[in-house]
Each structure stands twice: as structure tokens, then as C-alpha cells.
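Spelled out from the first residue to the last, the chains are:
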Amino acid sequence: ESGITRPKGYNVSFHCNPEMEKHHFGVTHPMKPWRLTLSKSLIYSYGMSFAMNNYVSRAATYEELADFHSTDYLDFLGTVLPEPVPRDVENQNPDLRFNLGGSDCPLFEGLYDYCSMSAGSALDAARKICANQSDIAIAWGGGLHHAKKAEASGFCYINDIVIAILELLRHYPRVLYIDIDVHHGDGVEEAFFSTDRVMTVSFHKYDPNNFFPGTGALDDNGPKNEQNPGAHHAVNVPLNDGITDEQYDMLFNTIISRIVEKFRPSAIALQCGADSLAGDRLGRFNLQVQGHGACVEFCKRMNLPLILFGGGGYTPRNVARAWTYETSIAIGCQDKISDVLPQHTPWRDQFRQETLFPTLEQILGEPRQNKNPPKRLQDIVNHVSEQLRFVQA
Ligand code: ZLS
Ligand code: CA
Ligand code: ZN
């Protein structure tokens, strides 16, 4: 008996499609859709499905994808076939259209289905929010923030977040987009660059020459032309290696509360990329499951309609921990769940430590050096505060 109950009048919906998880980017590729299976199995093992409305989401239709993406791109995406022999990308192959078929965005079996399922779950989540049927809607299979209107980028082909936010904008005047993936949320920022109805905020590792995608500097805040409504509506929080829970939460809470105060969003879309966790195969931060989850808790406390998206996350056992803890926060049982993983959890040995909250030492051996001096963090807060003087609801 898990003791997890559903609080009266508070609705959380969970949107996923088990077919999505069966797709493969290739053996060496860091993006493993199987992490969704591992996450779900841990969420179910804790008994959380009894406190949520669970939906098997449908695939998004071509028309729904075309709300954001160009039809040229969608038509190509729907017809290209996987390459029997991987081709040399650096060899300037003229067939590399829409940035498809390289090593970051390979062509694989069922690619179009995978993309439309990811977008379908995000869109279903947005529709439950718009219909007032969910207070929080969860789509861990979404969060693919790099995809552009007519281009794949950084493991992302279809920007499910943009499609979901466009749906929210049909019902809500203003949407706040927050991105805690270790990478810059460039695709979402770009899509809403020229509107004052969406404010985008990304926290990320920033190193223009050595870390993907290289954009998202502190003073990249939207169109430079003051006449453009989107001016000042992009917030960027560029960070360095090794940031800790305490520092991250201080930044997150300070920045997000000031934004909510000024921008007065009517809904929040939170991308919960788990590659900002310590021990991630591609990440550089020292965040623990607790610190990552604290961002979700903070957003929930804003008492606004909330969508939680997945995103990056390349060490599946840690992705599963974070998204399980964050699901527990959504339904409000975070103080009741046990630190020891349920005995009957499938693939329990995949988790190495048998706890939901392993210590930094257990995750990393030796923690990554923290290259975020307090002075720099204060400069970031000051810059964002200055920027917000130009923003009004
Ligand atoms: O935000 O850094 C790059 C681009 C390259 C370097 C890597 N080579 C392969 C291609 C050219 C400049 N790409 C990043 C993309 C990161 C996307 C993050 C997505 C998200 O989390 C949201 C879902 C990158 N970093 C690491 C790799 N690519 C990468 C590492 C290892 C491999 C294996 C498969 C492929 C080639 C060998 C690959 C990519
Ligand atoms: Ca980010
Ligand atoms: Zn990422």
C-alpha cells in the first residue's frame, strides 16, 4: 500500500505513448527513448498512476505539425528513409537537407512516427490545460526544444513545445516558457522572438565555442529594435560547469518570481531536461534530483496552469529519478515517497544505488569543479532585473 491519494479537486494528467519508446537513434547515439520506459516504470512502481489521469496520447496530425513547421520540411521528414550505410557527415554531402541525416539528427526507422507521437503527447497535455481539466499536465516524451520551423537540430526534429504553446495561446493571453535543460532552448526562443505574449527563459551551460548550441548569452534578450513587441522577452541565464543545487535554486527562485511579478503569465510551460543533473553523459552541472525538482515545486507554487515537458537527459537512471520525483511533486506526494526504490521496480539493477536521491559522491565519485563564482551569479540577477524594467503585462 503506497498511501498515495488524489487530493480533491487537483488534477494531474500524464500523457505518454509506449510506441514512442521503441524507437532507436542508433547504438552510439546519446538520445535513448528507452529512458522514457525506465522513468514510467519507476513512476508506476511508486504507485503514482493512481493519483493522476493517465492517457495514451495520439500522434499529432500533419496539420497540427504544420502549425509551426513548414510543409516542405514535413513532407521531406515524412518520406526520407533511413540510410543503410551511415554516410560521412563532415564530407559535405549535398543530400543533407534540413540538417537531417547527420550524426546528431540521424534518419532512423519510424522517425516520422516518433516525432508525431512526441508532439501528440505535448499537444494533448496543452489541450487538457486549455479545457481546464488538468492543473498540471505531464508530457515526459516532449521537450524537444532545438527543432526549427524548417530544420532539425540537436536530436530534435519537431518542436513539440512550440506547437503546445501555440495551442495555449489560443486560450491564454500570456505564456511563460522556462527551460532547465543544460542546453539553450534556442528553437522555442526563436519561434516566439517577435511576440510579447510569450516570455522565454533558459538556464544553460554557455560556452559559445565548445558547448551546443552556442547561443543564449546574458544580453541576448530578443529583437534589438524597441518597436518590435518581442524586445526584452527572451531571458538567458548562461552558466558554467559545476553549478550546485543551492546556487541554481537561488537563481531560479529570484529570476522566476521577478518575471512572474512583471510579466503576469496566465500559464507556465516548463521544460525539465534532465541533462542538467550531475553525472549526465553530456551535461556539466552538479545538480541533484532535489535541486532539479525544486524548480518544478517553485513553478507549482505559482498556482498557474502548468505543463511539464521532458527534454534532454543522457544517463537514463538519473532521468528516471528526476522525472519520478517531479511527477510526485506534481501530484503532491513528494514528502510521502520512500527514498529506497520499491523492491518490485522493473530493471531495479539499472539504478546502481537503490535510492531515489543518491548523494553527489555516489553519482560522481569526485564532484565536478564549480566554475560559477557568486559575483557572476549576482551580475546575472542584476542584468535580468534591469531587463525586466522594460517588460509589462
Ligand atoms: O538539448 O555539439 C554538437 C554538434 C557537433 C559535435 C558533435 N558531432 C557529432 C556533430 C557536430 C557540433 N551537438 C550536440 C547536440 C546536443 C543536443 C542536446 C539536445 C537537448 O538535450 C534536447 C533533447 C551534441 N553533444 C553531444 C553530441 N552531440 C553527440 C555525442 C555523441 C555522439 C555519438 C552519436 C553522435 C555521434 C557519436 C553523437 C553526438
Ligand atoms: Ca536550458
Ligand atoms: Zn539538453
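One structure accompanies this document, and this report is about it. (Residues numbered from 1 in each chain as written. Chains lettered and ligands numbered in written order. Predicted model: local features only at pLDDT ≥ 70, side-chain atom pairs only at ≥ 80, totals over all residues. Heavy atoms only, no water.)

A word on the sheet that holds strand 3 (residues 136–139)
Now for step 1: Pairing in this open sheet of eight strands is parallel, and the strands run 2-1-3-8-7-4-5-6 from one edge to the other. The strands lining the two open edges of the sheet, one partner per strand, are strand 2 (53–56) and strand 6 (234–239). Each neighbouring strand pair of the sheet contributes to a mean axis angle of 15°, computed without reference to strand direction.
Now for step 2: Running over the sheet, helix 1 (residues 34–45) touches strand 1 (12–16) and strand 2 and is turned about 145° from strand 1. (Pairing = 2+ DSSP bridges. Helix = DSSP H or I, 4+ residues; strand = E, 2+ residues; numbered from the N terminus. Axes fitted to C-alpha atoms, helices over the stretch in contact; angles between N-to-C directions. Contact = heavy atoms within 4.5 Å.)

Focus on the coordination of the zinc ion (ligand 3)
Now for step 1: Here the zinc ion (ligand 3) is held by Asp181 (OD), His183 (ND1) and Asp275 (OD), and the distances to it run 1.9 to 2.0 Å.
Now for step 2: If you list the donors of the zinc ion (ligand 3) from N- to C-terminus, the spacing comes out as D-x1-H-x91-D. With a gap of 94 residues between them, Asp181 in the loop between strand 4 (175–179) and helix 6 (186–191) and Asp275 in the loop between strand 7 (267–271) and helix 8 (289–301) connect regions that are remote in the sequence. (Donors = N, O, S within 2.8 Å, 3.2 Å for Na, K, Ca; no water.)

Describing helix 1
Now for step 1: The terminal C-alpha atoms of helix 1, which comprises 12 residues, lie 17 Å apart, in line with the 16 Å expected from a rise of 1.5 Å per residue.
Now for step 2: For helix 1, the tally of buried residues reaches 10 of 12 residues, placing the bulk of the element in the interior.
Now for step 3: Taken together, the buried residues of helix 1 touch strand 1 and helix 9 (316–331).
Now for step 4: Of the residues one or two after helix 1, Gly47 is the one with positive phi, at around 80°. (Expected span 1.5 Å × (residues − 1). Buried < 20%, exposed > 50% of the residue type's maximum accessible area, 1.4 Å probe, protein only.)

Describing the nonpolar core
Now for step 1: Counting 122 residues, the largest nonpolar core has Tyr157, Ile165, Phe203, Leu239, Leu251 and Leu308 as its most contacted members.
Now for step 2: Considering each element in turn, this core owes the most residues, 11 residues, to helix 4 (residues 111–130).
Now for step 3: For Leu308, the contacting residues outside a window of four places in its chain are Ile136, Ala137, Ile138, Ala139, Trp140, Leu270, Cys272, Val296, Glu326 and Ala330. (Core = buried A, V, L, I, M, F, W, Y, C linked by side-chain atoms within 4.5 Å.)

A short note on the coordination of the calcium ion (ligand 2)
Now for step 1: Coordination of the calcium ion (ligand 2) by the protein comes from Asp179 (O), Asp179 (OD), Asp181 (O), His183 (O), Ser202 (OG) and Phe203 (O), over a distance range of 2.5 to 3.0 Å.
Now for step 2: The coordination sphere of the calcium ion (ligand 2) comprises six donor atoms, whose angles at the metal cover 70 to 166°; the geometry is irregular.
Now for step 3: The motif formed by the donor residues of the calcium ion (ligand 2), counted along the single chain, is D-x1-D-x1-H-x18-S-F. Of this pair, His183 sits in the loop between strand 4 and helix 6 while Phe203 is found in strand 5 (residues 198–205), placing the two residues 20 residues apart along the sequence. In terms of burial, His183 and Phe203 fall into one category: buried. (Tetrahedral: all angles 85-135°; square planar, octahedral: opposite > 155°, others 65-115°.)

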